[in-house]
Amino acid sequence: MQEHDKFYLLGADSKELSVLVESLGEPGYRSRQLFEAIYKQRIASLDQVSTLPKELRQKMVAAGHEIGLPAIEKRFVSNDGTVRYLFKFPDGESVEAVWMPEGDGGEAGDGSEAGLEEEGAAKRGWRRATICISSQVGCAVNCQFCLTALLGQKRNLTAGEIVGQVNSVLNDHHVDLKTERINLVFMGQGEPFLNYENVMKAVRLLSENGVGVPVSRMTISTSGVVPRIYDFANEEVRPKLAISLNAPNDVVREQVMPINRKWNIESLMKAAREFPLRNREKLTFEYVVLGGVNDSVDQARELAELLRGTGAKINLIAWNPGPEVPYSTPTDEAVDAFKMALREAGIPAFIRRPRGRDIFAACGQLKRTETLTSIEGASL
Ligand code: SAH
Ligand code: SF4
């Protein structure tokens, strides 16, 4: 990608790197070395790529090439161990990513506790972690309960900017993906399926061939861009799918998610039912519980009917508050009763505990809030 006369290598796939290497008159194997350095070794700067001859590195830098790992502008550290990162890009736009040690990231009950090295875990203070990343600057979908929606949509992120968030956060925690377990969720700012091509390219670069996060540990969450659910179903390298349902019927869903006017619950559920699942894979629905809006036991029963036969699980997220957003957080009792009503109706339901609410890192709170005390350059 070219930006401000710089050519960023992060985001380029092996084919594009081959073309570049060829244009520099270099032997083909150099592109493999570059790919390894950028994705597997997560190197931040070209002059640290020791597998390449010094002259070549200098030549590339002189031509404006750089790796383009996004700079961590700020870190906000929560008392529950969650870290919210603010990334700033050269055009001045910024997004957030969130590190959640031991985070369930919507993956409750996925058996991730298996095969862990207790000793290493004790030393680091986390056994597994989830990284939540952004796919766009802001979001155009305009869900009424979401703080990100207030930004409107500024722009799509490039594949490199998406991969870069992950690599920077992994580097910040010195994660070795050969031995350590990381889940990745596309649940930060933006609607991933409205930036489909870049998101899918990032997925391929982040997967086993590149950075090294298995697709089986990645989840993409969509607000319900139905045609893209069908495209996604056909992807060769495909993460798991989560759908933000948030309402038991069209009346409530339209009220809280304007996108429902374009793709209603019937079309969304059709796509969900037709979605091909791999062995042991489960579709996830997310449901933001809004006090007094969608949290009654009757609504839970209506929801159970809607989900019957899908084999899906549902994650309940009590609404996280934000300034200027006119909703209320449901009581713990209401969320519990809602969960129990779903379970009694045979639907696997889980309550996702909020992470980093105190630093505005929880679901729907990502809006580049910079006013909190930040710990810049702090080592974690
Ligand atoms: N745009 C995608 C992914 C990012 S939002 C989507 O909407 O699915 C990730 C999740 O956070 C969604 O399920 C969304 O419904 C939920 N969410 C948004 N605002 C929230 C808030 N204030 N409190 C709790 N969850 C929220
Ligand atoms: Fe966008 Fe998701 Fe927020 Fe809706 S909930 S506005 S789709 S980020």
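Residues numbered from 1 in each chain as written. Chains lettered and ligands numbered in written order. Predicted model: local features only at pLDDT ≥ 70, side-chain atom pairs only at ≥ 80, totals over all residues. Heavy atoms only, no water.

Undergrad: It is not clear to me how the overall build of the chain should be interpreted in this structure. Could you clarify?
TA: A tally of regular secondary structure across the chain gives eleven helices and 15 strands. Taken across its 380 residues, the chain has 57% of its residues classed as buried. In the chain, of all internal contacts separated by at least 6 residues, the share reaching a separation of at least 24 is 70%. For the chain, the accessible surface area stands at approximately 16300 Å², while carbon and sulfur atoms represent 49% of it. (Helix = DSSP H or I, 4+ residues; strand = E, 2+ residues; numbered from the N terminus. Buried < 20%, exposed > 50% of the residue type's maximum accessible area, 1.4 Å probe, protein only. Contact = heavy atoms within 4.5 Å. Areas by Shrake-Rupley, 256 points an atom, 1.4 Å probe, with all protein chains shown as cover.)

Undergrad: Which parts of the structure should I look at to understand the packing of aromatic side chains?
TA: In total, this model carries seven aromatic pairs according to the counting rule given. Taken together, a centroid distance of 6.2 Å and an interplanar angle of 20 degrees make the contact between tyrosine 85 and phenylalanine 87 stacked. Residue classification places tyrosine 85 among the buried positions, given a relative accessible area of 0%. Among the residues examined, phenylalanine 87 registers a relative accessible area of 0% and is labelled buried. Taken together, the ring pairs in this structure connect Phe193, Tyr196, Phe232 and Phe275 into an aromatic cluster. In this arrangement the basic side chain of arginine 84 is found over the ring face of phenylalanine 76, its NZ or CZ atom lying 4.2 Å from the centre. The positively charged end of arginine 343 is found above the aromatic ring belonging to phenylalanine 350, 5.5 Å away from the centroid. (Phe/Tyr/Trp six-rings, centres within 6.5 Å; stacked < 30°, edge-to-face > 60°. Lys NZ or Arg CZ within 6 Å of the ring centre and 35° of its normal.)

Undergrad: Please clarify how the nonpolar core should be interpreted in this entry.
TA: Trp99, Phe145, Phe285, Ile314 and Leu342 are the most contacted members of the largest nonpolar core, which totals 106 residues. The dominant element in this core, judged by the number of residues it contributes, is helix α6 (residues 196-206), at seven residues. Those residues within four positions of tryptophan 99 in sequence are excluded, and the remaining contacts are Gly81, Thr82, Val83, Tyr85, Trp126, Ala129, Thr130, Ile131, Val169, His173, Val175 and Ile182. (Core = buried A, V, L, I, M, F, W, Y, C linked by side-chain atoms within 4.5 Å.)

Undergrad: Looking at this structure, how should I read helix α9 (residues 265-274)?
TA: Because each turn of an α-helix spans 3.6 residues, side chains separated by three or four positions end up pointing in the same direction. If you check which residues of α9 are buried, you get Ile265, Leu268, Met269, Ala271 and Ala272. Take α9 and look down its axis: the buried residues cluster within an arc of 160 degrees, on one side only. Buried-residue contacts for α9 involve α7 (226-233), β12 (240-244), α8 (250-256), β13 (284-289) and α10 (297-307). (Arc of directions from axis to C-beta.)

Undergrad: For this particular structure, what's the right way to read the sheet that holds strand β15 (residues 349-351)?
TA: Strand pairing in a sheet relies on backbone hydrogen bonds. The paired strands run either parallel or antiparallel. Spatially, ten strands are ordered β4-β5-β6-β7-β10-β11-β12-β13-β14-β15 in an open sheet, and the strand pairing comes out mixed. At either margin of the open sheet sits one strand with a lone partner, and together these are β4 (71-77) and β15. Each strand of the sheet is rotated relative to its neighbour by a mean of 25 degrees, with strand direction disregarded. By the bridge criterion, six bridges tie β4 to strand β5 (residues 83-88) in an arrangement that is antiparallel. Bridge pairing in β5 links phenylalanine 76 to arginine 84. In the packing of α6 onto the sheet, contacts are made with β10 (181-186) and β11 (218-222), and the angle to β11 comes to roughly 170 degrees. Taken strand by strand, helix α11 (residues 332-344) contacts β13, β14 (313-318) and β15, and its axis lies near 165 degrees from that of β15. (Pairing = 2+ DSSP bridges. Axes fitted to C-alpha atoms, helices over the stretch in contact; angles between N-to-C directions.)

Undergrad: Please explain the pairing of β5 as it appears in this structure.
TA: For a regular strand, side chains alternate in direction, first toward one face of the sheet and then toward the other. β5 sits mainly inside the fold: five of its six residues count as buried. In this antiparallel pair of consecutive strands, β4 and β5, the connection spans five residues, and glycine 81 shows a positive phi of 90 degrees. Taken together, the six bridges between β5 and strand β6 (residues 94-101) define a ladder with antiparallel strand orientation. When the sheet's bridge partners are listed, valine 83 is paired in β6 with tryptophan 99. What sits between the antiparallel neighbours β5 and β6 is a turn of five residues, in which glycine 92 has the positive phi angle 95 degrees.

Undergrad: Got a minute to help me understand the site of ligand 1 in this structure?
TA: The local shell around ligand 1 holds 20 residues, among which Gly190, Ser221, Ser244, Asn320 and Gly364 are the closest. Asparagine 246 places a side-chain nitrogen or oxygen 3.2 Å from an oxygen atom of ligand 1. A distance of 3.1 Å separates a nitrogen atom of ligand 1 from a polar atom in the side chain of tryptophan 319. At a threshold of 2 Å from the grid points, most atoms of ligand 1 map onto the largest cavity. Among the elements of the structure, β11, β13 and β14 are those that each provide at least two residues to the shell around ligand 1. (Near = heavy atom within 4 Å. Polar contact = N/O pair within 3.5 Å; in protein donor to acceptor, adjacent residues only side chain to side chain. 1 Å grid on protein atoms, 1.4 Å probe; cavity = no way out; pocket = protein on both sides within 12 Å on 5 of 7 lines; lining within 4 Å. Sits in = over half its atoms within 2 Å of the grid points.)

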